[in-house]
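An overview of the molecular structure
Read off the chains here:
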Amino acid sequence: MLTRLMRNEGVWLFTRSPAAILAAIATLAIVAGAAFAPWIAPTNPYDLASFSLIDGLLPPAWEDGGSPRFLLGTDDQGRDMLSSILYGARLSLSIAAMAMAVALLLGVGLGLAAGYLGGRFDAIVMRIADVQLALPAILTALLIDGISRGILPREMHDDLRVTVITLAIALSLWVNFARTARASVFVERSKDYVSAAIMMGQHPLRIMLRHILPNIVGPLLVIATVDLASAILLEATLSFLGVGLPADSPSLGTLIRIGMQYLLSGEWWILWIPTVFLVVLVVAINLLGDFLRDLFNPGMR
Amino acid sequence: MLAVEGLSVQFTDRFGTNMAVEDVSLSVDRGEIHGLVGESGAGKSTIGAAIMGLLPAAGQVTAGRMTLGETDLRALTPVAAHRLRGKRISMIFQDPQTSLNPLMTVEAQLIETILAHEDIGVAAARARAVSLLEEIGIANAKDRIRAYPHQFSGGMRQRVVIALALCSNPELIIADEPTTALDVAVQAQVLDLIRRLASTRGVGFILITHDIGVIAQVSDRVTVLRGGKVMEQGQTLRVLGQPEHPYTKALMAAVPPLDRKLDRFHLPRIAGEALPQAETDTARVAEDWLMAGTGSGPGPSLDLSGITVRFRGERRGLFGPRDDFVALDDVSLSVRPGTVMGLVGESGSGKSTLAKVIAALVHPAEGEMRLDGAALPPMRARRRADPSRRLVQMVFQDPYSSLNSRHRVLDVLSEPLWLYGLEPDARRRARLARAMLALVGLDASAADRYPHQFSGGQRQRIAVARALLSRPGLLLCDEPTSALDVSIQAQILNLLKDLQARFGLTTLFISHNLAVVRQMSDDIAVLKEGRLIETGPSEAFFAGPDAAYSRDLLAQTPTVRFDMRAV
Amino acid sequence: MVAFAVKRLIQSVFVMLAVAFLAFSLFAFVGDPIAQMTGVETSLEDQDRLREDLGLNDPFVVQFTRFTGDMLRGEFGYSFRTREPIGAMILSRLPATLELGTVALLISLIVGIPAGIYTALRPRGVISQSLLIGTLIGVSIPTFVIGILLIFLFGVQLGWLPTYGRGGTVEIGWWRSSLFTAQGWRSLILPAITLGLFQLTLTMRLVRAQMMEVMRTDHIRFAIARGVPWRSIRYRHALPNTMIPVITIIGLQFGGVIAFSIVTESVFQWPGMGLLFLESIRFVDIPVMSVYLVVIAFFFVVINLAVDLLYVAIDPRLRVKESF
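So, about the overall build of chain A. Check the secondary structure of chain A and you find 14 helices and zero strands. Listing each helix as α and each strand as β along chain A from the N terminus yields α-α-α-α-α-α-α-α-α-α-α-α-α-α. Projected onto its principal axes, the C-alpha coordinates of chain A cover approximately 75 × 55 × 30 Å. A buried classification covers 55% of the 301 residues belonging to chain A.

Residue and element names in this part refer to chain C. What the domain assignment lists for chain C is domain 1 (2-72) and domain 2 (95-314). Its C-alpha centre places domain 1 at a distance of 34 Å from the equivalent point of domain 2. Across the contact, 16 residues belong to domain 1 and 14 residues belong to domain 2. A combined buried area of about 1300 Å² lies between domain 1 and domain 2, and 86% of that area is made up of carbon and sulfur atoms. On inspection of domain 1 and its partner domain 2, the count reaches one salt bridge. The salt bridge involving R8 is made with D308; its shortest N-O contact spans 2.4 Å. Run the count over domain 1 and domain 2 and you get one residue pair in polar contact (both at pLDDT 80 or more).

What follows deals with the interface of chain C and chain B. Much of the literature gives interface size as the accessible area that the parts lose upon coming together. Counting from both sides, the interface comprises 30 residues of chain C and, opposite them, 33 residues of chain B. Between chain C and chain B the total buried area reaches about 2800 Å² when both faces are included, carbon and sulfur atoms providing 62% of it. Within the residue set of the side of chain C that touches chain B, elements represented by two or more residues are α1 (2-29), α9 (218-225), α10 (230-268) and α13 (316-319) of chain C. Top element by residues in the side of chain C that touches chain B is α10(C). It accounts for eight residues. The residue makeup of the side of chain C that touches chain B, split by class, is 15 nonpolar, six polar and nine charged.

If you look at the interface, chain A gives 41 residues, while chain C gives 48 residues. Buried area between chain A and chain C, both sides added, is near 3800 Å², and the carbon and sulfur share of it is 81%. A:D290 is the partner of C:R205 in a salt bridge, and the nearest nitrogen-oxygen pair spans 3.0 Å. Counting across the chain A and chain C interface gives two residue pairs in polar contact (both at pLDDT 80 or more). Mapped onto the side of chain A that touches chain C, the elements with two or more residues apiece are α6 (119-134), α7 (137-151), α12 (217-240), α13 (252-260) and α14 (268-296) of chain A.

Moving on, we get to the sheet that holds strand β5 (residues 71-72) of chain B. All names here are of chain B. Pairing is antiparallel across the open sheet formed by four strands, whose spatial order is β2-β1-β4-β5. Each having just a single partner strand, β2 (16-28) and β5 make up the two edges of the open sheet. By the bridge criterion, eight bridges tie strand β1 (residues 2-13) to strand β4 (residues 59-68) in an arrangement that is antiparallel. Paired with V4 across the two strands is M66, which belongs to β4. Helix α1 (residues 44-52) contacts β1, β2 and β4 of the sheet and is inclined by roughly 110 degrees relative to β1.

Further remarks concern the pairing of strand β20 (residues 531-537) of chain B. Residues and elements named next belong to chain B. Bridge analysis of strand β19 (residues 523-528) against β20 gives six bridges, and the strand direction is antiparallel. Counterpart to L527 in the pairing with β20 is L532. In textbook terms, the turn of a hairpin is the stretch between consecutive antiparallel strands, and for β19 and β20 this stretch comprises two residues, one of which, E529, has a positive phi near 45 degrees.

All right, on to the packing of aromatic side chains then. Aromatic rings in a pair are described by how distant their centres are and how their planes are angled relative to each other. Residue and element names in this part refer to chain C. A full pass over the atoms with the stated rule returns 13 aromatic pairs over all chains. On the basis of an interplanar angle of 50 degrees and a centroid distance of 5.2 Å, the ring pair of F198 and F260 is categorised as tilted. You can see F198 sitting in helix α8 (residues 182-215) and its partner F260 sitting in helix α10, a full 62 residues away along the chain. Neither F198 nor F260 differs from the other in exposure class; each is buried.

All right, on to the pairing of strand β18 (residues 506-511) of chain B then. Residue and element names in this part refer to chain B. Most of β18 sits out of view: six of its six residues are buried. Because side chains alternate across β18, one face comprises the buried residues T506, L508 and I510, and the other comprises T507, F509 and S511, equally buried. Pairing between strand β17 (residues 474-478) and β18: five bridges, direction parallel. Its bridge partner being in β18, L475 is matched across the sheet by T507. Regarding topology, helix α17 (residues 486-503) serves as the crossover connection from β17 to the parallel β18, and that connection is right-handed.

On to the side chain of C:R226, then. As for its placement among the helices and strands, C:R226 is situated in the loop between α9 and α10. We note that C:R226 is buried and unpaired, the nearest opposite charge coming from B:E112 at a distance of 4.7 Å. Beyond its immediate stretch of four places on either side in the chain, C:R226 contacts B:R85, B:G86, B:S90, B:Q109, B:T113, B:H117, B:L164 and C:H237.

Position of C:A18 among the secondary structure elements: in helix α1. For C:A18 and C:T203, which are 185 residues apart along the polypeptide, the C-alpha to C-alpha distance reads 29 Å.

On to α17(B). Residue and element names in this part refer to chain B. Compared with an ideal rise of 1.5 Å per residue, which puts 18 residues at 26 Å, α17 spans 26 Å between its outermost C-alpha atoms and is within 8% of the ideal. Among the 18 residues of α17, 14 are classified as buried, and the element is accordingly described as predominantly covered. Directly beyond the C-terminal end of α17, a positive phi value near 60 degrees is found at G504.

The rules behind these values
Residues numbered from 1 in each chain as written. Chains lettered and ligands numbered in written order. Predicted model: local features only at pLDDT ≥ 70, side-chain atom pairs only at ≥ 80, totals over all residues. Heavy atoms only, no water. Helix = DSSP H or I, 4+ residues; strand = E, 2+ residues; numbered from the N terminus. Buried < 20%, exposed > 50% of the residue type's maximum accessible area, 1.4 Å probe, protein only. Domains from an automatic or database assignment. Contact = heavy atoms within 4.5 Å. Buried area = accessible area lost by both parts, 1.4 Å probe. Salt bridge = Lys/Arg side-chain N within 4 Å of Asp/Glu carboxyl O. Polar contact = N/O pair within 3.5 Å; in protein donor to acceptor, adjacent residues only side chain to side chain. Nonpolar A, V, L, I, M, F, W, Y, C, P; charged D, E, K, R; others polar. Pairing = 2+ DSSP bridges. Axes fitted to C-alpha atoms, helices over the stretch in contact; angles between N-to-C directions. Phe/Tyr/Trp six-rings, centres within 6.5 Å; stacked < 30°, edge-to-face > 60°. Right-handed = clockwise from strand over helix to strand, strands pointing away. Lys, Arg positive; Asp, Glu negative; His and termini not counted. Expected span 1.5 Å × (residues − 1).

Dropping the structure here:
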């Protein structure tokens, strides 16, 4: 079994790449920490009763004045930083993953159909993609946020914040998937196995989903990984700009924005610990994306 | 001049090392053309790269001596080796479409190469470049030298490539499949040019090719390679005329002759190679199933009349007319029931387009098709459930792209049975698929594997099995063997001949190779630039074609002359 | 070639129309302009009259046409929040963003392209590997964190450079420029690096990937086989072939520069269009939002059109059609 596994090129290359292994471990650890945050985290940062101002601004446990109760210190409200970070990562990751999934479905669906059907449908989808490209991701996301503020009453807007942010990120990322899927479909379409399926009279949906889709998974997987990283960055940026998630349910970006107030003071941990956490997460995901890209592009090795 | 002794090249990959070239010795004299011939994996290109000092990073020369005149090629530093390239050894690549820098004029590329090796002025270099282009057969070279590569046709581009290889007056040129990407007529001209340059300029050539016809036509001496080892070496006439090594004999037996039609290729077993043993009992199941469906009568007749295909071109200017490309122009053709119609023509003649029109992959602008007298609707009118979908099947050229690499062979083969409702029960579909594999000469266990685990020839067998599993009446074969080695080609041709005869399949067999077509067809049709040049019984055609174009085509096909053949 | 240019022009016009439509929809459907413009004390009749006067009761198509016409004439309307003409607001902010974006783009190209070439030619070298790891971290750090880091390092710890705003500007007509004083450059440099760094990593990776691909092509192998000097192979043969696809993408990256200028301007309180846009979002100032949208798309489209035409100038396959 192990030898058969090692014959697989991807697995073999993975075992030779310390960077990829490290990245995989880091990603898994963070994802697990985020997923199990309610069970792992020492306190619940959303529960006002679980922290008190008396514990405010405590440094991490290894610093002078630190308390072993708060491994990574506390913020001005006395909230445990570790718990905040785990819950923040949970929020950031689930928004990013949801946004990525929506973008994937929308983008791959449109790209697949555009590449396969060609003609007018393709032209329309690509022109929409052009417009989307002229309005970069952050701009799109900001706009959607702005629109939702204009349309929705204030309370509803606050309630729907996570949904709005997720949709905003998804809408700014679908183009990547659509363009990649379309380009790959063009390559596959010219191959004879697709001609054979068309000639036999198979249903176009069956040809797209059962014949072509499995053959373009590689490049899509790369885009999905890279876009997951972009989605995390985008969410963090929006929250940093103050249009993302509010301070009472902080994501990683919100934590960093709050931390910015302590840039000039001595409480470095409030800013830098969430920042380092965010960067490590994104670096790890991007490293995996790089590994996948090299895997599907053998010439680049 | 060039002497290679005991050359071994080793490639290292993650599974370990393997010898790509083992103990190869050869020599090339001034003005001599030395052919390296062999099937894929024979190591011919690796030998060329080793002499050039351009092996890929994973490759390494492990033993042997290579000397050019007094120079020991293995002892050169990288800098000295690069200085020697072009100056004393140069190279011609296979595809003239990609061998030239698209962003530089031919002039700039020529002058740069000359100046890289000789300390003469730009004006002198330009003068030499112009006269070289003239010598190589480019008319009006003075003006055309200023053109970009994309402004030349394929054959002309290969001449420019040769001029580039030649402009620094090297002693030796390694030509790696220099005519494989070219049409027969252009191939003949390029081979003539190489022959002429060898004799007038005294340049030595190493001619790497898989095509024995090319070797027979131009080379003085030949080395037959297999699996990185030399099988046989000597004067071309002797090696091809009286081959001694069993491998050479087998290779010669597999080359389709242009001058007669064989019933079957007689393929002697080569030592150490197991011929596929069809399991007759299993295969019988598939055979009976096919017979039960089609009966014993011959397949349907196919009649095409006035087929015209236009592809939309680019607009000339902003409001100018479109440069529509006429791929097929009023082609009328009939295939008699149960016979093979061979369709030949150069690239761009529209032969594949015709097959696609019949298969409903391309929509004809005009024309009518009939299958056994009943109207065969064209692409846009052919419904998915049209009965002709099942009756008309196709075997494609490239076995690496015609099977979905993400599907198991069993899924590939079961698909037509399921799609056409031929076999409702999944277990029986699987059984039939395995039986069909046995019928086309593969092990039934092949069904459980994926296409990438098979060689090109085996994949083509799978493609044939897929076509048969829809119980077809009409089989379209679009260059089914042109991506295959010659010995595999012979096996596939034998298979197609057997199946065609046994099941009376009406067949349209497309190839650019006249010799292959002769082996397969009862009738023949010649296409040129979308027009039908002539059609008629095959044997009469090869005895003496009517049209001048057909005569040229026959004359230009490189052949292994009858007196040289061993059989 | 003319056909190509015209085709791209038509596509660009389409994109602009689509963006204008988006901007107009924002204007027409998000929020009620009358409610924004008038106070509680305005009577319903007055509101209706105002609505009629502003043409808000006209059919959608008429309104859209009028909107597009106004945009074309440079009449952008008034901000809900400040009641100032938006054209003047944008114009006063435009130089700051353009200078920031241009300097950032130049930094990314001047460093990114040579670094990409270097890492493509020596893929296994120590410098290449560290550069690659550097870019990987570069694309993974959000722009605002880079900004914070730079402020912390050069502004707070070392105290070398100002950390916010735009100092030392010189007015040339209506254009306020940072480029003519040392103080202006000192203010500009941190935001420009922040903005350029992300683009730099993208440019470098792109150039590297393209160049490695080109180095494997047949025509490069042929040039090596005929002994063309390495310098020429790299810079005369490989580099131009590399740059053709790269140029297109660099055009698209301009969009990224604009988008991230919003973030950079926010971190450094740089008084450009991005900051204006952020403020307009916070205060749901719809007219400013829609004009910003149109202006940004316009720049993006114009730059990409220019890139396409540059493409034609470089690639003879597009320029010279006739064959022998």
